[in-house]
Amino acid sequence: YGGMGLDFSYNIAVAEELGNIRCGGVILAIGVQAGMATPALTRFGSHELKKQFLVPTIAGDFVACLGISEPGAGSDVANIKTTAVRKGDEYVINGGKMWITSGSQADWMCLLANTSEGPPHRNKSLICLPMNLPGIHIAKKIDKLGMRSSDTAQIFFEDVRVPCKNLIGEEGKGFTYQMLQFQEERLWGVATALTPMETIIQETIEYTRQRKVFGQPVLHNQTVHFRLAELATKVELLRSLLHRAVALYVEGNDVTKFASMAKLKAGRLIREVTDSCLQFWGGMGFTSEVLVSRFYRDFRLMSIGGGTDETMLSIICKYMNILPSK
(Lines give C-alpha, C1' and ligand atoms only; values in the text may rest on other atoms or scores of the structure.)
Protein backbone atom coordinates (compact mmCIF):
# COMPACT_ATOMS: atom_id res chain seq x y z
CA TYR A 1 0.00 0.00 0.00
CA GLY A 2 3.00 2.30 -0.34
CA GLY A 3 4.62 1.80 3.05
CA MET A 4 8.02 0.24 3.71
CA GLY A 5 6.78 -2.75 5.72
CA LEU A 6 9.28 -2.25 8.54
CA ASP A 7 8.71 -3.17 12.18
CA PHE A 8 7.69 -0.69 14.88
CA SER A 9 11.26 0.03 16.01
CA TYR A 10 11.73 2.03 12.81
CA ASN A 11 8.73 4.20 13.72
CA ILE A 12 10.48 5.01 16.99
CA ALA A 13 13.73 5.88 15.20
CA VAL A 14 11.80 8.27 12.97
CA ALA A 15 9.98 9.73 15.98
CA GLU A 16 13.26 10.48 17.75
CA GLU A 17 14.58 12.21 14.63
CA LEU A 18 11.39 14.26 14.26
CA GLY A 19 12.22 15.69 17.67
CA ASN A 20 14.78 17.86 15.84
CA ILE A 21 11.88 19.91 14.45
CA ARG A 22 11.78 23.03 16.58
CA CYS A 23 7.99 23.09 16.82
CA GLY A 24 5.87 20.54 18.65
CA GLY A 25 2.80 21.11 16.49
CA VAL A 26 4.51 19.81 13.35
CA ILE A 27 5.68 16.67 15.16
CA LEU A 28 2.16 16.11 16.49
CA ALA A 29 0.54 16.40 13.06
CA ILE A 30 2.93 13.82 11.58
CA GLY A 31 2.35 11.54 14.56
CA VAL A 32 -1.42 11.59 14.09
CA GLN A 33 -1.04 10.78 10.39
CA ALA A 34 1.49 7.98 10.83
CA GLY A 35 0.71 6.45 14.19
CA MET A 36 -2.78 7.33 15.42
CA ALA A 37 -5.31 7.62 12.57
CA THR A 38 -3.97 4.76 10.43
CA PRO A 39 -2.84 1.71 12.52
CA ALA A 40 -6.32 0.19 12.93
CA LEU A 41 -7.02 0.58 9.21
CA THR A 42 -3.65 -1.00 8.43
CA ARG A 43 -4.29 -4.01 10.67
CA PHE A 44 -8.00 -4.65 10.32
CA GLY A 45 -9.32 -2.74 7.30
CA SER A 46 -10.48 -4.38 4.09
CA HIS A 47 -8.38 -4.26 0.95
CA GLU A 48 -10.88 -1.85 -0.61
CA LEU A 49 -10.71 0.52 2.39
CA LYS A 50 -6.91 0.45 2.34
CA LYS A 51 -6.87 1.35 -1.36
CA GLN A 52 -9.35 4.18 -0.80
CA PHE A 53 -7.90 5.71 2.38
CA LEU A 54 -4.55 4.21 3.38
CA VAL A 55 -2.73 4.48 0.03
CA PRO A 56 -3.28 8.25 -0.42
CA THR A 57 -2.56 8.85 3.29
CA ILE A 58 0.80 7.09 3.10
CA ALA A 59 1.55 9.00 -0.10
CA GLY A 60 0.79 12.28 1.65
CA ASP A 61 -2.09 13.13 -0.67
CA PHE A 62 -4.66 12.76 2.13
CA VAL A 63 -4.60 14.26 5.61
CA ALA A 64 -6.06 11.94 8.24
CA CYS A 65 -7.44 12.69 11.70
CA LEU A 66 -8.55 10.55 14.63
CA GLY A 67 -12.04 11.08 16.02
CA ILE A 68 -12.06 9.70 19.55
CA SER A 69 -12.26 12.47 22.18
CA GLU A 70 -15.50 14.27 23.02
CA PRO A 71 -16.27 17.12 25.45
CA GLY A 72 -17.36 14.56 28.07
CA ALA A 73 -14.98 11.75 27.12
CA GLY A 74 -11.28 12.43 26.73
CA SER A 75 -9.18 9.73 28.38
CA ASP A 76 -12.45 7.96 29.27
CA VAL A 77 -12.89 6.44 25.81
CA ALA A 78 -15.67 4.08 26.90
CA ASN A 79 -17.92 7.07 27.68
CA ILE A 80 -18.19 8.50 24.15
CA LYS A 81 -21.71 9.42 23.01
CA THR A 82 -21.43 9.73 19.22
CA THR A 83 -23.63 7.15 17.50
CA ALA A 84 -23.56 5.40 14.14
CA VAL A 85 -26.92 3.70 13.54
CA ARG A 86 -27.16 1.18 10.74
CA LYS A 87 -29.93 1.90 8.23
CA GLY A 88 -29.84 -0.38 5.24
CA ASP A 89 -26.34 -0.34 3.79
CA GLU A 90 -25.37 2.92 5.53
CA TYR A 91 -24.50 4.19 8.99
CA VAL A 92 -26.21 7.42 10.10
CA ILE A 93 -23.85 9.33 12.40
CA ASN A 94 -24.84 11.89 15.03
CA GLY A 95 -22.82 13.50 17.78
CA GLY A 96 -19.59 15.41 17.96
CA LYS A 97 -15.85 15.22 18.55
CA MET A 98 -13.47 17.57 20.37
CA TRP A 99 -9.70 18.23 20.34
CA ILE A 100 -9.32 16.71 16.87
CA THR A 101 -5.78 17.29 15.59
CA SER A 102 -5.74 18.24 11.89
CA GLY A 103 -9.56 18.24 12.07
CA SER A 104 -10.13 21.39 10.03
CA GLN A 105 -8.02 20.21 7.09
CA ALA A 106 -8.49 16.43 7.18
CA ASP A 107 -9.69 14.49 4.15
CA TRP A 108 -10.93 11.61 6.31
CA MET A 109 -11.41 10.66 9.94
CA CYS A 110 -10.89 7.37 11.71
CA LEU A 111 -14.09 7.70 13.75
CA LEU A 112 -14.98 5.82 16.92
CA ALA A 113 -18.75 5.66 17.43
CA ASN A 114 -21.34 3.59 19.27
CA THR A 115 -22.94 1.19 16.81
CA SER A 116 -25.16 -0.67 19.29
CA GLU A 117 -26.74 -0.40 22.76
CA GLY A 118 -24.49 -3.08 24.29
CA PRO A 119 -21.80 -2.86 26.99
CA PRO A 120 -19.48 0.16 26.49
CA HIS A 121 -16.44 -1.97 25.68
CA ARG A 122 -18.29 -4.03 23.04
CA ASN A 123 -20.65 -1.55 21.36
CA LYS A 124 -18.14 0.65 19.53
CA SER A 125 -16.81 0.52 16.00
CA LEU A 126 -14.19 2.32 13.93
CA ILE A 127 -15.34 3.84 10.64
CA CYS A 128 -13.45 5.56 7.80
CA LEU A 129 -15.38 8.81 7.46
CA PRO A 130 -14.74 11.14 4.49
CA MET A 131 -14.79 14.69 5.83
CA ASN A 132 -16.58 16.19 2.82
CA LEU A 133 -19.93 14.50 3.48
CA PRO A 134 -23.12 16.50 4.12
CA GLY A 135 -23.86 17.00 7.82
CA ILE A 136 -20.25 17.36 8.98
CA HIS A 137 -19.76 20.75 10.62
CA ILE A 138 -16.35 22.01 11.71
CA ALA A 139 -17.43 24.32 14.52
CA LYS A 140 -14.16 26.05 15.22
CA LYS A 141 -10.40 25.85 15.26
CA ILE A 142 -9.49 25.84 18.95
CA ASP A 143 -7.11 28.48 20.33
CA LYS A 144 -4.56 26.61 22.46
CA LEU A 145 -1.78 27.31 24.95
CA GLY A 146 0.76 25.43 22.86
CA MET A 147 1.01 23.34 19.68
CA ARG A 148 -0.37 26.43 18.00
CA SER A 149 0.69 25.45 14.47
CA SER A 150 -1.36 22.24 14.79
CA ASP A 151 -4.99 22.89 13.93
CA THR A 152 -7.27 21.38 16.56
CA ALA A 153 -10.98 21.35 15.78
CA GLN A 154 -14.38 20.81 17.33
CA ILE A 155 -16.58 18.86 14.92
CA PHE A 156 -20.30 18.01 14.89
CA PHE A 157 -22.15 15.29 12.96
CA GLU A 158 -25.79 15.72 11.98
CA ASP A 159 -27.35 12.74 10.17
CA VAL A 160 -24.10 12.00 8.32
CA ARG A 161 -24.52 8.99 6.04
CA VAL A 162 -21.55 6.75 5.30
CA PRO A 163 -21.52 3.32 3.60
CA CYS A 164 -21.37 0.32 5.95
CA LYS A 165 -18.43 -0.96 3.88
CA ASN A 166 -16.38 1.84 5.52
CA LEU A 167 -16.39 -0.14 8.77
CA ILE A 168 -12.86 -1.05 9.90
CA GLY A 169 -12.72 -4.73 10.85
CA GLU A 170 -15.66 -6.11 12.83
CA GLU A 171 -18.57 -4.17 14.25
CA GLY A 172 -18.31 -3.83 18.03
CA LYS A 173 -14.52 -4.25 18.07
CA GLY A 174 -13.66 -0.55 17.83
CA PHE A 175 -12.79 -0.12 21.51
CA THR A 176 -10.46 -3.12 21.39
CA TYR A 177 -8.78 -1.89 18.19
CA GLN A 178 -8.27 1.54 19.75
CA MET A 179 -6.76 0.11 22.93
CA LEU A 180 -4.31 -1.96 20.89
CA GLN A 181 -2.91 1.07 19.11
CA PHE A 182 -2.59 3.12 22.31
CA GLN A 183 0.63 1.22 23.09
CA GLU A 184 2.19 2.43 19.86
CA GLU A 185 0.76 5.93 20.17
CA ARG A 186 2.18 6.42 23.65
CA LEU A 187 5.60 5.00 22.80
CA TRP A 188 5.73 7.29 19.76
CA GLY A 189 4.92 10.27 21.96
CA VAL A 190 7.72 9.38 24.37
CA ALA A 191 10.20 9.09 21.50
CA THR A 192 9.30 12.52 20.12
CA ALA A 193 10.03 14.12 23.51
CA LEU A 194 13.61 12.87 23.91
CA THR A 195 15.38 15.06 21.36
CA PRO A 196 13.54 18.27 22.37
CA MET A 197 14.63 17.72 25.97
CA GLU A 198 18.23 17.19 24.88
CA THR A 199 18.02 20.31 22.71
CA ILE A 200 16.69 22.49 25.51
CA ILE A 201 19.32 21.26 27.96
CA GLN A 202 22.12 21.92 25.46
CA GLU A 203 20.82 25.38 24.51
CA THR A 204 20.52 26.23 28.19
CA ILE A 205 24.13 25.18 28.75
CA GLU A 206 25.25 27.44 25.91
CA TYR A 207 23.12 30.38 27.07
CA THR A 208 24.14 30.17 30.73
CA ARG A 209 27.78 29.85 29.72
CA GLN A 210 27.72 33.24 27.96
CA ARG A 211 25.21 35.03 30.24
CA LYS A 212 26.97 36.65 33.20
CA VAL A 213 25.42 37.52 36.56
CA PHE A 214 27.39 39.01 39.46
CA GLY A 215 30.61 38.83 37.47
CA GLN A 216 30.54 35.18 36.38
CA PRO A 217 28.67 32.98 33.91
CA VAL A 218 25.40 31.61 35.27
CA LEU A 219 26.58 28.12 34.33
CA HIS A 220 29.43 28.35 36.84
CA ASN A 221 26.99 28.21 39.72
CA GLN A 222 26.98 24.69 41.10
CA THR A 223 23.19 24.67 41.48
CA VAL A 224 22.90 25.30 37.73
CA HIS A 225 25.37 22.82 36.29
CA PHE A 226 24.43 20.11 38.79
CA ARG A 227 20.77 20.55 37.89
CA LEU A 228 21.48 20.31 34.17
CA ALA A 229 23.54 17.15 34.71
CA GLU A 230 20.69 15.63 36.71
CA LEU A 231 18.15 16.44 33.98
CA ALA A 232 20.36 14.92 31.29
CA THR A 233 20.65 11.75 33.37
CA LYS A 234 16.86 11.49 33.69
CA VAL A 235 16.46 11.84 29.92
CA GLU A 236 18.82 8.92 29.36
CA LEU A 237 16.93 6.79 31.88
CA LEU A 238 13.69 7.50 30.01
CA ARG A 239 15.36 6.57 26.72
CA SER A 240 16.41 3.22 28.19
CA LEU A 241 12.86 2.48 29.37
CA LEU A 242 11.49 3.38 25.94
CA HIS A 243 13.93 1.18 24.06
CA ARG A 244 13.28 -1.74 26.42
CA ALA A 245 9.53 -1.41 25.87
CA VAL A 246 9.93 -1.17 22.10
CA ALA A 247 12.20 -4.23 21.95
CA LEU A 248 9.65 -6.27 23.93
CA TYR A 249 6.80 -4.99 21.76
CA VAL A 250 8.55 -5.92 18.52
CA GLU A 251 8.96 -9.43 19.94
CA GLY A 252 5.17 -9.62 20.35
CA ASN A 253 4.80 -8.89 24.07
CA ASP A 254 2.10 -6.84 25.78
CA VAL A 255 3.94 -3.71 26.92
CA THR A 256 0.94 -1.76 28.18
CA LYS A 257 2.52 -1.36 31.63
CA PHE A 258 5.90 -0.20 30.32
CA ALA A 259 4.32 2.08 27.68
CA SER A 260 2.18 3.67 30.40
CA MET A 261 5.21 4.10 32.67
CA ALA A 262 7.19 5.71 29.86
CA LYS A 263 4.30 8.00 28.88
CA LEU A 264 3.81 9.07 32.52
CA LYS A 265 7.52 9.78 32.99
CA ALA A 266 7.86 11.58 29.65
CA GLY A 267 5.01 13.97 30.44
CA ARG A 268 6.38 14.79 33.85
CA LEU A 269 10.03 14.94 32.82
CA ILE A 270 9.54 17.29 29.89
CA ARG A 271 7.63 19.62 32.19
CA GLU A 272 10.51 19.41 34.66
CA VAL A 273 13.15 20.00 31.99
CA THR A 274 11.45 22.95 30.31
CA ASP A 275 10.48 24.58 33.61
CA SER A 276 13.95 24.21 35.15
CA CYS A 277 15.75 25.39 32.02
CA LEU A 278 13.36 28.31 31.46
CA GLN A 279 14.24 29.53 34.97
CA PHE A 280 17.92 29.65 34.05
CA TRP A 281 17.09 31.81 31.02
CA GLY A 282 15.72 34.47 33.35
CA GLY A 283 13.68 37.20 31.70
CA MET A 284 14.49 35.89 28.22
CA GLY A 285 12.78 32.63 29.11
CA PHE A 286 9.51 34.50 29.61
CA THR A 287 9.53 35.81 26.04
CA SER A 288 8.34 34.18 22.84
CA GLU A 289 11.74 34.68 21.22
CA VAL A 290 13.46 31.56 22.59
CA LEU A 291 12.84 27.87 22.00
CA VAL A 292 12.56 26.98 25.67
CA SER A 293 9.38 29.04 26.06
CA ARG A 294 7.80 27.39 22.99
CA PHE A 295 8.62 23.90 24.23
CA TYR A 296 7.40 24.86 27.71
CA ARG A 297 3.99 25.52 26.11
CA ASP A 298 3.98 22.86 23.39
CA PHE A 299 4.95 19.85 25.48
CA ARG A 300 2.64 20.58 28.39
CA LEU A 301 0.26 18.52 26.28
CA MET A 302 2.31 15.37 26.94
CA SER A 303 0.70 14.90 30.35
CA ILE A 304 -2.81 15.38 28.94
CA GLY A 305 -3.12 14.09 25.36
CA GLY A 306 -3.16 10.38 24.56
CA GLY A 307 -4.14 9.57 28.14
CA THR A 308 -3.55 11.79 31.15
CA ASP A 309 -0.92 11.17 33.83
CA GLU A 310 -3.72 9.99 36.09
CA THR A 311 -4.90 7.48 33.49
CA MET A 312 -1.35 6.15 33.13
CA LEU A 313 -1.10 5.74 36.91
CA SER A 314 -4.39 3.81 36.97
CA ILE A 315 -3.15 1.45 34.24
CA ILE A 316 0.15 0.90 36.05
CA CYS A 317 -1.68 0.18 39.29
CA LYS A 318 -3.90 -2.33 37.49
CA TYR A 319 -0.92 -4.22 36.13
CA MET A 320 0.72 -4.15 39.57
CA ASN A 321 -2.52 -5.48 41.07
CA ILE A 322 -2.62 -2.71 43.68
CA LEU A 323 -5.97 -1.09 42.86
CA PRO A 324 -8.37 -1.06 45.83
CA SER A 325 -11.11 -3.68 45.59
CA LYS A 326 -14.63 -2.37 44.97
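Small disclaimer: the values here were computed from a predicted structure and weren't measured.

*Asks:* For the environment of Phe44, give the residues involved together with the corresponding values.
*Replies:* Turning to its location among the elements, Phe44 is positioned in helix H3 (residues 39–44). Phe44 has contacts with Ile168, Gly169, Tyr177 and Leu180, leaving out every residue within four places of it along the chain.

*Asks:* Now, about the nonpolar core: what can you tell me, with residues and values included?
*Replies:* Counting 45 residues, the largest nonpolar core has Leu187 and Met197 as its most contacted members. Among the elements that make up this core, the one with the highest residue count is helix H5 (residues 174–210) (11 residues). In this view, Leu187 contacts Phe8, Ile12, Leu242, Ala245, Val246, Val255 and Ala259; residues no more than four positions away in its chain are not counted. The next biggest cluster of nonpolar side chains, apart from the first, holds 26 residues, and it includes Met36, Ala73, Trp108 and Cys110.

*Asks:* Talk me through unusual backbone geometry; I want residue IDs and the actual numbers.
*Replies:* Unlike most non-glycine residues, Ser102 shows phi in positive territory, near 65°. Residue placement: Ser102 occurs in the loop between strand E3 (90–101) and strand E4 (108–114). In this structure, Asn321 is a non-glycine residue whose phi angle is positive, near 55°. Relative to the helices and strands, Asn321 resides in the segment after helix H9 (309–319).

*Asks:* Could you give an account of the pattern of salt bridges, naming the residues involved and the relevant values?
*Replies:* What the rule picks out here adds up to 15 salt bridges. In this structure, Arg227 and Glu272 form a salt bridge, with 2.8 Å as the shortest nitrogen-oxygen distance. Linking Arg227 in helix H6 (residues 222–250) with Glu272 in helix H7 (residues 256–280), this pair joins segments that are 45 residues apart in sequence. Residues Lys234 and Glu272 are paired through a salt bridge, measuring 2.8 Å at the closest nitrogen-oxygen approach. Placement of Lys234 in helix H6 and of Glu272 in helix H7 is noted, with a sequence separation of 38 residues between them. Classification of Lys234 by relative accessible area gives partly exposed; the value is 21%.

*Asks:* Let's hear about the packing of H7 against H9: which residues, and what values?
*Replies:* Where H7 meets H9, the closest approach of the two axes is 9 Å, and the angle between their N-to-C directions is 145°. H9 is crossed by H7, and the crossing has left-handed handedness. Between H7 and H9, the residues in contact are Thr256, Lys257, Ser260, Met261, Lys263, Leu264, Arg268 and Arg271 and Asp309, Met312, Leu313, Ile315, Ile316 and Tyr319, respectively. Split into classes, the residues belonging to the contact of H7 with H9 amount to seven nonpolar, two polar and five charged.

*Asks:* Provide a residue-level description of the domain arrangement of the protein, including the pertinent values.
*Replies:* When the domains of the protein are assigned, the result is domain 1 (37–171) and domain 2 (176–320). Spacing between the C-alpha centres of domain 1 and domain 2 amounts to 30 Å. At the junction of the two partners, domain 1 supplies 16 residues and domain 2 supplies 16 residues. Interface area for domain 1 against domain 2, summed over the two sides, is near 1400 Å², with a carbon-plus-sulfur share of 60%. Interface area lost by domain 1 to domain 2 is led by Arg43, Ser75 and Met147, which between them contribute 36%.

*Asks:* Residues and numbers for the packing of H6 against H7, please.
*Replies:* Viewed as axis vectors pointing N to C, H6 and H7 meet at an angle of 160°, and their least axial separation amounts to 10 Å. It follows from the interaxial angle that H6 and H7 lie roughly antiparallel. You can see that H6 and H7 cross each other, and the crossing is left-handed. Of H7, the residues touching H6 (which contributes Thr223, Val224, Arg227, Leu228, Leu231, Lys234, Val235, Leu238, Leu241, Arg244, Ala245 and Leu248) are Phe258, Met261, Ala262, Lys265, Ala266, Leu269, Glu272, Val273, Ser276, Cys277 and Phe280.

*Asks:* Which residues make up the UniProt feature "domain: Acyl-CoA oxidase/dehydrogenase middle" (unreviewed entry) in the protein, and what values do they have?
*Replies:* The residues that UniProt annotates with the feature "domain: Acyl-CoA oxidase/dehydrogenase middle" (unreviewed entry) are residues 65–160. Across residues 65–160, the secondary structure splits into 0% helix and 51% strand, with the terminal C-alpha atoms separated by 17 Å.

*Asks:* Can you break down the side chain of Arg239 residue by residue, with the values?
*Replies:* Secondary-structure assignment places Arg239 in helix H6. Accessibility expressed as a relative area gives 13% for Arg239, which makes it buried. Side-chain polar atoms of Arg239 contact the side chain of Glu16, separated by 2.9 Å. In terms of polar contacts, Arg239 uses its side chain to reach the side chain of Glu236, at 3.2 Å. The residues contacting Arg239, other than those within four sequence positions of it, are Glu16, Leu194 and Glu198.

*Asks:* How would you sum up the packing of aromatic side chains? Please name residues and give values.
*Replies:* Between two aromatic rings, the relevant description is the distance of the centres plus the angle of the planes. Under the defined criterion, the tally for this structure stands at five aromatic pairs. With 5.1 Å between their ring centres and 85° between their planes, Phe295 and Phe299 make a pair best called edge-to-face. Residue classification places Phe295 among the buried positions, given a relative accessible area of 2%. The ring of Phe182 has Arg186 lying over it, and the distance from NZ or CZ to the ring centre is 4.4 Å.

About the criteria used
Position numbers for residues start from 1 in each chain and track the written sequence from start to end. Only residues with pLDDT of 70 or above have their local features reported here, since the model is predicted, and side-chain atom pairs are shown and tallied only from 80 upward, although totals for entire chains, interfaces and linings are computed over all residues. Calculated side-chain values reflect all of the structure's heavy atoms, with hydrogen atoms and water omitted. Numbered from the N terminus, helices here are DSSP runs of H or I no shorter than four residues, and strands are runs of E no shorter than two. By definition in these notes, contact holds between two residues if any of their heavy atoms fall within 4.5 Å. The definition of a nonpolar core used throughout is a set of buried Ala, Val, Leu, Ile, Met, Phe, Trp, Tyr and Cys residues joined through side-chain atoms within 4.5 Å. Think of it in three bands: residues with accessible area under 20% of the maximum for their type are buried, residues over 50% are exposed, and the middle band is partly exposed, with areas taken using a 1.4 Å probe on protein chains only. What makes a salt bridge here is a side-chain nitrogen of Lys or Arg within 4 Å of a carboxyl oxygen of Asp or Glu, nothing more. Axes, fitted as lines to C-alpha atoms, cover a helix only where it is in contact. Angles between the N-to-C directions of the axes lie from 0 to 180 degrees. Helix crossings get a hand from a simple test, with the near helix turned counterclockwise from the far one by less than a right angle marking a left-handed crossing and a clockwise turn marking a right-handed one. By the convention adopted, Pro, Cys, Tyr, Trp, Phe, Met, Ile, Leu, Val and Ala count as nonpolar, Lys, Arg, Asp and Glu as charged, and the other residues, Gly among them, as polar. All the domain ranges listed were derived from an automatic or database domain assignment. As a working definition, buried area equals the accessible area (1.4 Å probe) given up by two parts on being put together, with both sides summed. When an angle is under 35 degrees it counts as roughly parallel; over 145 it counts as roughly antiparallel; between 65 and 115 it counts as roughly perpendicular; any other value is oblique. UniProt positions are given in the numbering used here, feature names are shortened, and annotations may be inferred rather than shown by experiment. Any N or O atom pair separated by 3.5 Å or less is treated as a polar contact, with the protein-specific requirement of one donor-capable and one acceptor-capable atom, and with residues adjacent in sequence counted only for side-chain atom pairs. Put simply, two rings from Phe, Tyr or Trp (the six-membered ring, in Trp's case) pair if the centres are within 6.5 Å, and we call them stacked under 30 degrees between planes, edge-to-face over 60, tilted for the rest. Only when the NZ of Lys or the CZ of Arg is both within 6 Å of the ring centre and within 35 degrees of the ring normal is a charge said to sit over the ring.

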